[in-house]
Amino acid sequence: MTMTLTPAAKQLVFISRRSPYGSAHARAMLDMVLATAVFDQKVTLIFMDDGVLQLHTNQAAAGIGVKDLCAALSVLSLYDIQKVYVDAQSLQVRGMSQEELAIAAEVCDSARITGLIRDADVVFTL
Amino acid sequence: MPEAPTSVGAFFFATSCHGLSAVKFTIVLHAAPYTSQASHSALRFAQAALSAGHEIVRVFFYYDGVHNCNEFSVAPQDEIDLVKAWSSLLQAHNIDAVTCVSSAMKRGIVDEREAKRHELRSHNLQAPSVLSGLGQLVDASLASDRTISFGA
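Residues numbered from 1 in each chain as written. Chains lettered and ligands numbered in written order. Predicted model: local features only at pLDDT ≥ 70, side-chain atom pairs only at ≥ 80, totals over all residues. Heavy atoms only, no water.

Asks: So what's going on with empty space enclosed by the protein? Which residues, and what values?
Replies: Residues and elements named next belong to chain B. In the structure shown here, the tally under the stated rule is one cavity of 30 Å³ or more. Volume-wise, the largest cavity comes out at about 40 Å³. In this structure, the largest cavity is lined by Phe 61, Asn 68, Cys 69, Val 83, Trp 86, Ser 87, Leu 90, Gln 126, Ala 127, Pro 128 and Ser 129. The biggest single contributor to the lining of the largest cavity is helix α3 (residues 82-92), with four residues. The class makeup of the residues in the lining of the largest cavity is seven nonpolar, four polar and no charged. (1 Å grid on protein atoms, 1.4 Å probe; cavity = no way out; pocket = protein on both sides within 12 Å on 5 of 7 lines; lining within 4 Å. Points joined across faces, edges and corners; volume = space filled by probe spheres on them. Helix = DSSP H or I, 4+ residues; strand = E, 2+ residues; numbered from the N terminus. Nonpolar A, V, L, I, M, F, W, Y, C, P; charged D, E, K, R; others polar.)

This is the structure in structure tokens:
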């Protein structure tokens, strides 16, 4: 195993689509994002479908004996991940509003997300 | 370029790699063997890519995908042994393979070093895969033309 780093920065898009609890997918996605952040690449994180539930304020994960994912998401800004998007329609169908989001994120429509995916070099979905 | 032998491979090469000669792939496997088709599909994709003359920079076993590296897995005689099949393919083509260490440890996939460190009775990481971190997935993606995930 050798490190094979290439010099040019790539645009990596991560699409988080799972609810914060019930499966470990959301946590696994966050781990991928944070691992990428230290590589000095262009990172974009998109929450859509049940993934928007990860951003809901006032989560009480201790009740089911797991770590609070929302608290973990708050480190995104410390890792200098500024490009965070939330799919507007996913919020709407779950009865959520932008005011309920626990972290700074830009609410956007699906056309914008299409553009973000189109401009990406690598897309990870989980 | 010869036609890829599997449908999943043929579809991908036809739609995404048209006009590219030798493509560098990173393969990410998220799913355990036998529970879903993902492991077998990924294996067939890898075989198709290699036989079409492409390169696999690294296979990264993540999440439940680490179960593909459990040497203690025993397949019934009338089913494909996916753990051995992966190991054979990786060794035959000298492909770099990494098993996510944090995913693996909590699922009971350990190498000799970790077994000693945690005073476990045995170890079961299937060669040639090695335990390492998610940085190896990022590193491989940056060095590849295409990163393709199975079982996500």
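Asks: For the sheet that holds strand β5 (residues 122-125) of chain A, give the residues involved together with the corresponding values.
Replies: Residues and elements named next belong to chain A. Ordered in space as β4-β3-β2-β1-β5, the five strands form an open sheet in which the pairing is parallel. Since the sheet does not close on itself, it has two edges, and those belong to β4 (106-108) and β5, each with one partner. Going from strand to strand, the sheet's axes swing by 25° on average, the running direction of each strand aside. Pairing of strand β3 (residues 83-87) with β4, which is carried by three bridges, proceeds in the parallel orientation. Its bridge partner lying in β4, Val 86 is registered against Val 107. Here helix α1 (residues 25-37) sits on the sheet in contact with β1 (11-16), β2 (42-47) and β5, set at roughly 160° to β1. (Pairing = 2+ DSSP bridges. Axes fitted to C-alpha atoms, helices over the stretch in contact; angles between N-to-C directions. Contact = heavy atoms within 4.5 Å.)

Asks: With reference to specific residues and values, describe the sheet that holds strand β1 (residues 24-29) of chain B.
Replies: Hydrogen bonding along the main chain pairs the strands of a sheet, whether they run parallel or antiparallel. Residue and element names in this part refer to chain B. Ordered in space as β4-β3-β2-β1-β5, the five strands form an open sheet in which the pairing is parallel. Where the open sheet ends on each side, the last strands, each with one partner, are β4 (130-132) and β5 (146-150). Pairs of neighbouring strands in the sheet enclose a mean axial angle of 30°, with direction left out of account. Across five bridges, the pairing between β1 and β5 is parallel. Counted as the bridge partner of Phe 25 is Arg 146 from β5. Helix α2 (residues 38-51) contacts β1, β2 (55-61) and β5 of the sheet and is inclined by roughly 170° relative to β1. On top of the sheet, helix α6 (residues 135-143) reaches β1, β2, β3 (97-100), β4 and β5; it is set at about 160° to β2, its chief contact.

Read these as layout, nothing more, since geometry by itself doesn't imply function.
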